[in-house]
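Read off the chains here:
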Amino acid sequence: MSVPNQAAALRVAIVGAGPSGLYAAVELLRRDARATVELYDRQPCFGGLVRSGVSPDHAERRRVSAFYERLALASGRFRFHGNVEIGERISHADLCHHHDAVIYASGLSADRSLGIAGEDLPGSHAASDFVAWYNGHPDHAQRHYDFDHERAVVVGNGNVALDVARMLLLGAARLRHTDIAEHALQALAGSRIREVVILGRRGPAQASFTAPELLELIEQDEFEVVIENDNSFQHPAEADPGIALRLRLFEEIRRRPGSAGARRLVLRFLATPLEIVGGERVTAIRVADNELVAHADGALRARAGTSTHVIDAGLVFRSVGYRGRPPAGLPFDAATGVVPNRAGRVFDPRGGDQYRGVYVAGWLKRGPRGVIGSNKPCSRETVDALLQDAAAGKLECVADRDALDALLAECGADRVDYKGWKAIDEQERLNGLACGRPRVKLVEMTDLLAAARAPARRRAA
Amino acid sequence: MAYVILGTCINDAACVDVCPVACIHPAPAEAGFATADMLYIDPQICIDCNACAEACPINAIVREQDLTPKLLRYKTLNAEMALARSKVA
Ligand SMILES: Cc1cc2nc3c(=O)[nH]c(=O)nc-3n(C[C@H](O)[C@H](O)[C@H](O)COP(=O)(O)OP(=O)(O)OC[C@H]3O[C@@H](n4cnc5c(N)ncnc54)[C@H](O)[C@@H]3O)c2cc1C
Ligand SMILES: NC(=O)c1ccc[n+]([C@@H]2O[C@H](COP(=O)([O-])OP(=O)(O)OC[C@H]3O[C@@H](n4cnc5c(N)ncnc54)[C@H](OP(=O)(O)O)[C@@H]3O)[C@@H](O)[C@H]2O)c1
Ligand code: SF4
Ligand code: SF4
């Protein structure tokens, strides 16, 4: 489908250079042969959580970003404006004024809390912060973690909890071959952690760990894996082949012979945290044993029983999902944690009116769920809506391209364009080559900006 | 011989778009795509054309004969799961 004749070509702003922003850009450029895309990110880098979420031992997945960057660039109708925070450097109103439409694909980056006592103690951390730290996100490079206790606890049964546990257990010998941030490699090399306990409030059949991540636990030799408090006998044969496969993999983990390895991972099910215990810092976590209760809607929920246990630990990570703040100028539904939208069109939740020319995609639209590729149909749906609105004459742009360029020049941001990002990328790879690693990330904003400004050189080397 | 998807798969479905014999499941239009842990190739239908491997943005697809010992599991997993999926759909 293409867009019928219009007076001027569409100019669309996309906020966020993570997967959903990139998917939306490529889809839009492909579907409308005249449209131009201006892509903004508060970071001078591409990737969003693909760069700062996906774990260093899974870095091959990061290739997806460069792949779609190249597709967008090949259109010749695409510009990147890195290090430009929307709402900070450029307001929502200005963005709308200078584009026909705006797609917010800015994700959800804060953590959900547990709401229990002791969560603020030193040693109690959000997985989202830890992940951003070991991946070298400049906002998180200054963090400090004490790995001087033998046990860490991770609360939650999603893939992020598994990422955190692997990073704590893989050991420096293995991590040294990844693109983990140098500061994290140094800190983890001195770690005394011998055991990580992942707490799930329900059972293996309800856990969100995906099959490839479970298979990875079976195939690795760096640490032992133990399952505790398992209720899988309560589960009749699973009808869904995906869940049945996961349960088979749990069974294999259970039967896997214990290794002589010095470190181990404990998957402890049916346990709800009640309190994080400690004086000056975390010393333990108190948990209740749960049972599963079927609710009217058929879902099995956890119900805390009366027996409780105390697990000694020096670190507690909560990994119970992400959440976000509303982008300035947009409505937000605190209950669902997303921007109210219908198929990507932003709506006022009270009046029901459409925010003309304003759209959302990715986690900000659907919530903090789904793998990288899940954002592709999501962004496509948003682009469909945008192009329909354009065809119906519902979009308009007040200012022209020169006015946009003037706004960008005056907004005070030290902008990084696509060439600048490529210079950063190249510098990081070169730094990696020097020490046998795939890449060594630049983690200070000043270093990132200096690399972006460095004259294009060395390419011949 | 056939092609095999590995666990690094990010469900991007670029492979589905180019497969000439529609043997990669679940496709975005099929049941279960939204909740799939990864995608799988049905080895009985695959005609070894290499199109998917070229299209995959993260090189998550390899030829069966190129699987390293640690990845061998993915051969049976692709076969089993492609079959299980097509039964559900
Ligand atoms: C720890 C972790 C590990 C993961 N690992 C995997 C994995 O291995 N495989 C997989 O398939 N999926 C993985 N996922 C899921 C995947 O990362 C998400 O599905 C995906 O990144 C969501 O994309 P998004 O574009 O909506 O948001 P994001 O990736 O968060 O991108 C949002 C972008 O918007 C930018 N931004 C935010 N606010 C502003 C602003 N005001 N102005 C300008 N820019 C702004 C941010 O800097 C960021 O670049 C993981 C998720 C997490 C949290
Ligand atoms: N492919 C990969 O390698 C990879 C890696 C990382 C992330 N991702 C994706 O990114 C998305 C986000 O991952 P995620 O791990 O943050 O979220 P998630 O998969 O939604 O898991 C959140 C977990 O937290 C638990 N939880 C929620 N509230 C809790 C509470 N109050 N007490 C105890 N437990 C609680 C949930 O249990 P209940 O089920 O009982 O609510 C669930 O197990 C997922 O789609 C994931 O697949 C993928
Ligand atoms: S194999 Fe590659 S192209 Fe196919 S769904 Fe997985 S990541 Fe995407
Ligand atoms: S090799 Fe060809 S036939 Fe086989 S799955 Fe890939 S695209 Fe389909």
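Our structure's up above, just so we're on the same page.
What counts as what
Residues numbered from 1 in each chain as written. Chains lettered and ligands numbered in written order. Predicted model: local features only at pLDDT ≥ 70, side-chain atom pairs only at ≥ 80, totals over all residues. Heavy atoms only, no water. Helix = DSSP H or I, 4+ residues; strand = E, 2+ residues; numbered from the N terminus. Expected span 1.5 Å × (residues − 1). Buried < 20%, exposed > 50% of the residue type's maximum accessible area, 1.4 Å probe, protein only. Contact = heavy atoms within 4.5 Å. Buried area = accessible area lost by both parts, 1.4 Å probe. Salt bridge = Lys/Arg side-chain N within 4 Å of Asp/Glu carboxyl O. Polar contact = N/O pair within 3.5 Å; in protein donor to acceptor, adjacent residues only side chain to side chain.

So, on to helix α12 (residues 375–391) of chain A. Residue and element names in this part refer to chain A. Under the 1.5 Å per step criterion, the end-to-end length of α12 is 24 Å for 17 residues, consistent within 8% with the ideal 24 Å. Those residues of α12 that fall on the buried side of the exposure criterion are N375, K376, C378, S379, T382, V383, A385, L386, L387, D389 and A390. Looking one or two places after α12, you find G393, whose phi comes out positive at around 75°.

Our next topic: unusual backbone geometry. Residues and elements named next belong to chain B. Cis geometry is adopted by the peptide bond preceding P26, which originates at H25 and carries an omega value of -10°. Looking at the element boundaries, P26 is found in the loop between β2 (24–25) and β3 (40–41). A positive phi is found at A22, a non-glycine position, where the angle reads about 50°. On the secondary structure map, A22 appears in the loop between α1 (14–18) and β2. The exposure class assigned to A22 is exposed, which follows from its relative accessible area of 57%. Notably, D48 is not glycine yet its phi reads approximately 60°, a positive angle. Mapping D48 onto the fold places it in the loop between β3 and α2 (51–55). Here D48 falls in the partly exposed class, since its relative accessible area comes to 34%.

This part covers the interface of chain B and chain A. With 25 residues of chain B at the interface, the matching set in chain A holds 27 residues. Buried surface at the junction of chain B and chain A, both sides included, amounts to about 2,200 Å², of which 54% is carbon and sulfur. The largest share of the area that chain B buries against chain A comes from I10(B), D37(B) and R73(B), three residues that together contribute 28% of it. Our enumeration of links across chain B and chain A arrives at five salt bridges. Between E252(A) and R73(B) there is a salt bridge, with its nearest N and O atoms 2.9 Å apart.

This part is about the environment of R51(A). Residue and element names in this part refer to chain A. By the element assignment, R51 lies in helix α2 (residues 49–52). Classification of R51 as buried rests on a relative accessible area of 12%. When the C-alpha positions of R51 and S65 are compared, they lie 8.5 Å apart, and in sequence the two are 14 residues distant. Discounting residues that sit within four places of it in the chain, R51 has contacts with C45, F46, R62, N135, W421, E428, R439, K441, L442 and L448. Engagement of the side chain of R51 in a polar contact is seen with the side chain of E428, the distance being 2.8 Å.

Here the focus is the pattern of salt bridges. Taken as a whole, this structure holds 49 salt bridges over all chains when the rule is applied. As a salt-bridge pair, D405(A) and R401(A) come within 3.6 Å of each other at their nearest N and O atoms. Of this pair, D405(A) and R401(A) both sit in helix α13 (residues 401–410), four residues apart, roughly one helical turn. For D405(A), a relative accessible area of 27% puts it in the partly exposed group. The partly exposed category is assigned to R401(A), whose relative accessible area is 41%. Note that D66(B) is salt-bridged to R63(B), the shortest N-O span being 3.0 Å. What emerges from the salt-bridge pattern is a single network uniting R51(A), E69(A), K422(A), D425(A), E428(A), R429(A) and R439(A).

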